[in-house]
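For reference, the chains in residue letters:
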Amino acid sequence: MKYIMALDAGTTSCRCILFDRFGRPVSSAQKEFTQFFPTPDRVEHDAVEIWDTQRSAAAKAMSDAGLTASDIAAVGITDQRETSVIWDRITGEPIYHAIVWQDRRTAPFCDKLIADGISDTIRQKTGLLIDPYFSATKIRWMLDNVPHARERAERGELLFGTIDTWLIWNLSGGRLHITDYSNASRTMLFNINTLEWDEEILRIMDIPPCILPKVMPSSCIYGETDPDIFGGSIPIAGAAGDQQSALFGQTCFNAGDVKSTYGTGCFLLMNTGEKPVFSEHGLVTTIAWGIDGRVEYALEGSVFVAGSLIQWLRDKLRLIDSAADSEYFARKVKDTNGCIVVPAFTGLGAPYWDPYARGAIVGLSRGVNKYHIIRASLESLAFQTCDVLMAMEADFGKLSAVRVDGGASANDLLMQVQADILQRGIIRPDILETTALGAAYLAGLAVGIYDRKSLSEKRRDTVFSPEISPEDRQKRLNKWHKAVALTRDWEKE
Ligand code: ADP
C-alpha cells in the first residue's frame, strides 16, 4: 500500500495530509507560524519558520499514521500564492522575510506603473491587473531595499521563489530550483502565452533573470527529497498554487468547470481549457496547471468578505456564538423580511472593483429581527458569488454546475440559497480538503498511483438543486443589485 503526501503551505499554517491510493485522507497534522505586521501596510513571514513548520507537520502526520519514507510514493506541494522569498544559493539563508501576498507596500510603485501606461502590456502578457498582490513588485522591493541585494543577485548569488519553490529547494537539499506553471503565472513576470519568463517585463521591473526558478509542469517527477529529511528519499512529483490545486482536487478537468471556495473570502476559478480567456468583466486570467505538455487556463475572481462576515456577526455584533450557529438561527425565519446585507467592509472586488464602497444593511423595517439579519448575511455570500459567476459566464459562456469547498460550504442553508440564486446545481464533495487533495492528485498522477478518469469517477458528493422559480430569483437579484448600488463610492470625497 503506497501513500501520497500532500504539503499544504497556507497563509497562517502549514499542513500535511497523507492520502491513500483511493484519495482518502489517512493522517493529517497542522502547525501555525508567526505573522509579522511591521507597519499597517506590511505583512511578512519568516521563510525558515515556514520550512520548519512544514517539515515538522509532515513528520507528525507520518508518525501518527506509523508510516516511513518507503511507504510514501510521492510528495505534492500546494502553497499560498504570490508570497515571495529571496535567499542565498549557497547558505540557503533568506535575505529578508518573505513578503506576503496581502502586503501593500508596493502600492505607490504599482500606481506609477499604471500611470506609465503599461497596464495593457501586463494584462496581455500575464493575464493579471497591476497590483501589489502579485510577486513582481515585491521582488523588486527586496532588490532595491535590502543592502547589497541587487549586486548579489546580479552576481548570481541569490535565488527567488514563491513558497512552492522555497519548499522544494529545501526538500531537495538545495538541488532543485523550480516552480510550476500555476505558481509562475501569479508572479506578474511570466508570459502565459509563450510560457516563458517575459524579458520585457523583467526589464521594466529591473529584475535579473538569473534569480528565477525553472518553470516545470504541475505534475511530474522533479527529483527526490534529501534522505535526511524523512529518513529516506521520496519523489517530489507535483506542485500548484492553492486555488489551482483546489480546482484540480475538485476534478474540474473540463472547460466550463467551476469551483468556489467559501473561506475568509471566496475564491472562484473556472477552467477555460487550452486557450487563455481575457476578461471584459474584471476577472484575471491565470494558468490552471501544466500537465503532459499541455497548459490549461482559468478565469479567477474573488470576493473579499465571505466567512469573515460570519466572524463579524460572532465577534463584533455578538449575534451568534459560533459560525455554525448562523445556519441554526437563519433557519428560524423563512426569508430575510426584505433585509439585505452588503458586506463591502474593504470595498468591493470582482466584478465591481470599487475600493470606496462600504458595507450596509438596507431594507430595514420594524419587523426585521436578528434572525433576518443573520439570514441576510448568509445570503450575501451567495449573491456575491453569483455576481462573479455571472461575470465568468459573460466572458466564457454558460457554466453547468458549481463545485464548492471551504469552511462555510458546510452550511447547508447557504448552499441551498446559492443553488436558488444561481439557478444551477451546487456540488459539495465529501472531502472538503480539496486544496491538499489537488496536490496529492498531481503528485499521484506523476507516479502512476492515480489517473484522471478514475479520479472523476471516485467522487461522492452532496448536490443542492434550485428550489425557487427563475422569476423569484430575478426579483431577489434585482433587490441585491439595488442594495449594492447604494454602497458604491461611499468613501469618495
Ligand atoms: P480560510 O482557509 O480562509 O481560513 P476556512 O475554509 O477554514 O477559511 O473557513 C473558515 C471560514 O468559514 C470562517 O470565516 C468562518 O466564519 C466560516 N464558516 C465556518 N463554518 C461555517 C458555517 N457553518 N456557516 C457559515 N460560515 C462558516
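Residues numbered from 1 in each chain as written. Predicted model: local features only at pLDDT ≥ 70, side-chain atom pairs only at ≥ 80, totals over all residues. Heavy atoms only, no water.

Asks: I'd like a rundown of the site of the ligand, residues and numbers included.
Replies: By nearness alone, 13 residues border the ligand, and T264, G307, Q311, G407 and N411 come closest of all. In the model, an oxygen atom of the ligand is placed 3.2 Å from a nitrogen or oxygen of the Q311 side chain. Taking 580 Å² as the accessible area of the ligand by itself, protein coverage stands at 66%. Considering every element that reaches the shell around the ligand, the biggest residue donor is helix α11 (residues 307–315), with four residues. When its residues are assigned to classes, the shell around the ligand shows four nonpolar, nine polar and no charged. (Near = heavy atom within 4 Å. Polar contact = N/O pair within 3.5 Å; in protein donor to acceptor, adjacent residues only side chain to side chain. Areas by Shrake-Rupley, 256 points an atom, 1.4 Å probe, with all protein chains shown as cover. Helix = DSSP H or I, 4+ residues; strand = E, 2+ residues; numbered from the N terminus. Nonpolar A, V, L, I, M, F, W, Y, C, P; charged D, E, K, R; others polar.)

Asks: Kindly report on the packing of aromatic side chains, identifying the contributing residues and their values.
Replies: Enumeration over the complete set of coordinates arrives at 16 aromatic pairs. Here the aromatic rings of Y133 and F134 are separated by 4.8 Å at their centres, their planes lie at 40°, and the arrangement is tilted. Given a relative accessible area of 17%, Y133 falls into the buried group. On the basis of relative accessible area, F134 is assigned to the buried category, the value being 3%. An aromatic cluster is built from W87, W166 and W169, whose rings are joined through pairwise contacts. For the cation-ring pair, R105 lies above W141, with the distance from its terminal atom to the ring centre recorded as 4.4 Å. (Phe/Tyr/Trp six-rings, centres within 6.5 Å; stacked < 30°, edge-to-face > 60°. Buried < 20%, exposed > 50% of the residue type's maximum accessible area, 1.4 Å probe, protein only. Lys NZ or Arg CZ within 6 Å of the ring centre and 35° of its normal.)

Asks: Describe the pattern of salt bridges, with residues and values.
Replies: A full pass over the atoms with the stated rule returns 32 salt bridges. Between D88 and R152 there is a salt bridge, and its shortest N-O distance comes to 2.8 Å. With D88 in strand β6 (residues 84–88) and R152 in helix α5 (residues 149–154), this pair connects stretches of sequence that are 64 residues apart. Overall, R152 belongs to the partly exposed group, its relative accessible area being 21%. (Salt bridge = Lys/Arg side-chain N within 4 Å of Asp/Glu carboxyl O.)

Asks: Now, about the state of the cysteines: what can you tell me, with residues and values included?
Replies: Scanning all chains against the criterion turns up zero disulfides. With no disulfide of its own, C16 lies 10 Å from the sulfur of C14, the closest cysteine sulfur. Residue classification places C16 among the buried positions, given a relative accessible area of 0%. Residue C252 stays outside any disulfide, its sulfur separated by 15 Å from that of C266, the closest cysteine. (Disulfide = S-S within 2.5 Å.)

Asks: Go over unusual backbone geometry, please, and point to the residues and values.
Replies: Along the chain, A350 connects to P351 via a cis peptide bond; the corresponding omega equals 0°. Mapping P351 onto the fold places it in the loop between β19 (340–342) and β20 (360–362). In this structure, H148 is a non-glycine residue whose phi angle is positive, near 65°. Relative to the helices and strands, H148 is located in the loop between α4 (136–145) and α5. Positioned with a positive phi, N337 is a non-glycine residue whose angle comes to about 55°. Within the secondary structure layout, N337 lies in the loop between α12 (325–330) and β19. Assessed through its relative accessible area of 32%, N337 is described here as partly exposed.

Asks: Go over empty space enclosed by the protein with me, naming the residues and quoting the values.
Replies: Summary: where empty space remains is shown by rolling a probe the size of a single water molecule over the atoms. As enumerated under the stated definition, the model contains two cavities of 30 Å³ or more in all. Quantified by volume, the largest cavity comes out at close to 90 Å³. Elements with a contribution of two residues or more to the lining of the largest cavity: β18 (294–303) and α13 (370–396). Taken together, the residues of the lining of the largest cavity sort by class into nine nonpolar, four polar and one charged. Lining the second largest cavity are T336, C339, I340, V341, A376, E379, S380, F383 and W480. When residues of the lining of the second largest cavity are traced back to their parent elements, those giving at least two are β19 and α13. (1 Å grid on protein atoms, 1.4 Å probe; cavity = no way out; pocket = protein on both sides within 12 Å on 5 of 7 lines; lining within 4 Å. Points joined across faces, edges and corners; volume = space filled by probe spheres on them.)

Asks: Which residues make up α11, and what are the values?
Replies: Of all the residues in α11, the buried ones are G307, S308, L309, I310 and L313. Where the residues of α11 are buried, they touch α12, β19 and α13. (Contact = heavy atoms within 4.5 Å.)

Asks: An account of the pairing of strand β2 (residues 13–19) is requested, with residue identities and associated values reported.
Replies: In terms of burial, β2 is a largely internal element, seven of the seven residues being buried. Side chains S13, R15, I17 and F19 of β2 all project onto a buried face; the interleaved residues C14, C16 and L18 project onto the opposite face, where all are buried too. Where strand β1 (residues 3–9) lies against β2, six bridges are found, and the strand directions are antiparallel. Its bridge partner lying in β2, A6 is registered against I17. The turn linking β1 back onto β2 is made up of three residues. Both β2 and strand β3 (residues 25–32) contribute to a ladder of seven bridges, which runs antiparallel. Each bridged residue has a counterpart across the sheet, and for R15 the counterpart in β3 is Q30. Connecting β2 to the next strand, β3, in antiparallel fashion are five residues, including G23 with a positive phi near 80°. (Pairing = 2+ DSSP bridges.)

Shape is all these values report; function is a separate question.
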